[in-house]
Amino acid sequence: MVIPKPVRLDTRPGRLVLDRHTTLTAAPALAEVAAWLRGELSPVTGGELPPGPRPGGITLAVREMPPEAYRLSVEDGGALIEAADAAGAFYGAQTLRQLLPPEAYRKAAAGRSLPLPHVRIEDRPRFAWRGCLLDVARNFLPKADLLRFIDLMAVHKLNVLHLHLTDDQGWRLEIRRYPRLTGVGAWRRESQVGWNGPGDGRPHGGYYSQDDVREIVAYAARRHITVVPEIDLPGHTQAAIAAHPELGNLDTPLDVATTWGVGPNVLNAEEHTVAFFQNVLDEVVELFPSPYISIGGDECRKDQWRASPAAQRRIRELGLRDEADLQSWIIGRIASHLAAHGRRTVGWDEILEGRGAPEHAVITSWRDDHGTVVAAKSGHDVVPCPNTSVYLDYRQAPGDEEPVPFGTVLTVDDVYAFEPIPSALAGDRAARRVLGAQCCLWTELIDSTRQLDYMAFPRLAAFAETVWSSEDRDPAGFRRRLGAHLDRLTALGVEYRPETGPLPWQRRPGVAGRPEEDDAWQAKVSEWTRPLREGR
Ligand code: ACM
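Cut-offs used in this document
- Residues numbered from 1 in each chain as written.
- Predicted model: local features only at pLDDT ≥ 70, side-chain atom pairs only at ≥ 80, totals over all residues.
- Heavy atoms only, no water.
- Salt bridge = Lys/Arg side-chain N within 4 Å of Asp/Glu carboxyl O.
- Helix = DSSP H or I, 4+ residues; strand = E, 2+ residues; numbered from the N terminus.
- Buried < 20%, exposed > 50% of the residue type's maximum accessible area, 1.4 Å probe, protein only.
- Polar contact = N/O pair within 3.5 Å; in protein donor to acceptor, adjacent residues only side chain to side chain.
- Contact = heavy atoms within 4.5 Å.
- Pairing = 2+ DSSP bridges.
- Right-handed = clockwise from strand over helix to strand, strands pointing away.
- UniProt positions renumbered as here; feature names shortened; annotations may be inferred.

### Some points on the pattern of salt bridges
Phase 1: For the structure shown, the criterion picks out 45 salt bridges.
Phase 2: One salt bridge in this structure joins arginine 130 and glutamate 68, with 2.8 Å as the shortest N-O distance. Taken together, the residues span a long stretch of sequence, with arginine 130 in strand 7 (residues 129–135) and glutamate 68 in the loop between strand 3 (57–62) and strand 4 (70–75) at a distance of 62 residues.
Phase 3: Judged by relative accessible area, which is 0%, arginine 130 ranks as buried.
Phase 4: On the basis of relative accessible area, glutamate 68 is assigned to the buried category, the value being 15%.
Phase 5: The residue arginine 313 makes a salt bridge to glutamate 270 at a minimum N-O spacing of 3.2 Å. With arginine 313 in helix 9 (residues 309–317) and glutamate 270 in the loop between helix 6 (238–243) and helix 7 (271–287), the pair connects residues that are 43 residues apart, well separated along the chain.
Phase 6: With relative accessibility at 33%, the residue arginine 313 sits in the partly exposed group.

### A look at the side chain of aspartate 167
Phase 1: Along the chain, aspartate 167 falls in strand 9 (residues 166–167).
Phase 2: Residue classification places aspartate 167 among the buried residues on the basis of a relative accessible area of 1%.
Phase 3: Within the structure, aspartate 167 has its side chain in polar contact with the side chain of histidine 236 (distance 2.7 Å).
Phase 4: Ignoring any residue separated from it by four or fewer positions in sequence, one finds aspartate 167 in contact with Ala137, Arg138, Asp232, His236 and Ala239.

### Quick look at the environment of arginine 148
Phase 1: Among the secondary structure elements, arginine 148 is positioned in helix 3 (residues 143–155).
Phase 2: With relative accessibility at 24%, the residue arginine 148 sits in the partly exposed group.
Phase 3: Each C-alpha atom of the pair arginine 148 and lysine 302 lies 39 Å from the other, and the pair is 154 residues apart in sequence.
Phase 4: Beyond its immediate chain neighbours, meaning those up to four positions away, arginine 148 contacts Thr449, Asp453, Gly493 and Val494.

### Thoughts on the pairing of strand 3
Both faces of the sheet carry side chains from a regular strand, because those side chains alternate between them.
Phase 1: The sheet contact formed by strand 2 (residues 24–26) and strand 3 spans 3 bridges and is parallel. Bridge assignment links alanine 26 to a residue of strand 3, and that residue is leucine 60.
Phase 2: Following the backbone out of strand 2, through helix 1 (residues 31–45) and into the adjacent parallel strand 3, one traces a crossover that is left-handed.
Phase 3: Direction of pairing for strand 3 relative to strand 5 (residues 78–83): parallel, over a ladder of 6 bridges.

### Remarks on the UniProt feature "active site" (unreviewed entry) in the chain
Phase 1: The UniProt record marks Glu299 with the feature "active site" (unreviewed entry), using the residue numbering of this structure.
Phase 2: Secondary-structure assignment places glutamate 299 in the loop between strand 14 (292–296) and helix 8 (303–307).
Phase 3: Aside from chain neighbours lying at most four places away, what touches glutamate 299 is His236, Val262, Glu350 and Trp366.
Phase 4: Within the structure, the side chain of glutamate 299 is placed 2.9 Å from the side chain of histidine 236, a separation counted as a polar contact.

Below, the structure written as structure tokens:
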């Protein structure tokens, strides 16, 4: 019935009916959750859901229990959600909505009577970090679409939105001190069609103003989602360098990138560049209350530093061994600045290389399981997001049918089988370092909300179960529950991938992905992670 699967769910005979007379009463500490639930149910039942003692109403009450946990009981006398905190009550309210017919997600059905089965549910999440990365840099996602996506995350009880805001192909966050970052960096001349195709000749761009960000953060917070911003550096910075050539290594100006892949253009290691990004992050921490701020650190090609006399001079001046150490030095400087603001640095597993990750850094580990194991064993908190299991931009089936056949095949069942604690950490105390997990939606080949829906759903539902529910997987039960869940997604207007493959309008003939055989792909991942495995 419910996704992600609750710890315990007992159904009893009988139904409670919610209708336009239904009341909703909440403890003062849960008033915001009540207001949210009213906003969702009122357009469906047509009632105001006023507080009141009417039997058969909904009650939100505070009880001692673990953070984010809730208890939900429905009987003739009413529906009672108990939780210790607003997050728990919110998840109880999300579960209550899922117990209603899918029409409960249609906002224009005012006047409906909604049957709610009699149940007893005890529930709490397995992990504290239940994340999704959304890349709004490669293709900009307009604010309204982002708010909709936040609602869809909340339906699945995810609680961290890792927002990848900057990359070679676009800078999407207004920075007051440096208006050129969005004035220049948020716009590109055209975009590559598919992974290897020609340019489409069509300008692309967009960014979030600081007011937009405050709205997005508040909207997410109301849904118990923390927005972790990512300002990627020192690689993936061509858009910033296009806006501010003094940040780069070349004398020739650069454009915002119009092609995909890991580009050579990276930051220089001069003091003024470090200061520039410290200033950027001063505004970032003002906008994002998250205790965690990501500075990326992935895929920084070292070619320009090898060729640059200035970079080589920096390496000597700073007493470093090589370019890998130079990257660690830059990450270290920025992480210290964030620490001075009381924030913890998050970085991809590449920041474990060179001189190692800064103290207290959280590692988002994407290259298979290697980074997760190295991070946890070296005392770093870690959030696995392995490309081999939870990269939701990867293709969903073999063959030529997928809209963009990119990466290796990751089916719904593959994602459902993901286990956040790698087998190499099973039974090891270091496994406590795994805070949860995160799925990733990179958007080089996802250029609209419709395409995002297709790639995210229903795999995101499978992912949600891997981070919320018990480690005992229940594939047959999940399949059954997914059937009902797809009806909910339909009512919500989500254009998910049908089990049978893309519908005719979901195909994108001629748009080529990166056709990799599984073995070749895995060999590449293995090559990428060699420095980690060899301790360098
Ligand atoms: C990544 O996929 N480069 C984190």
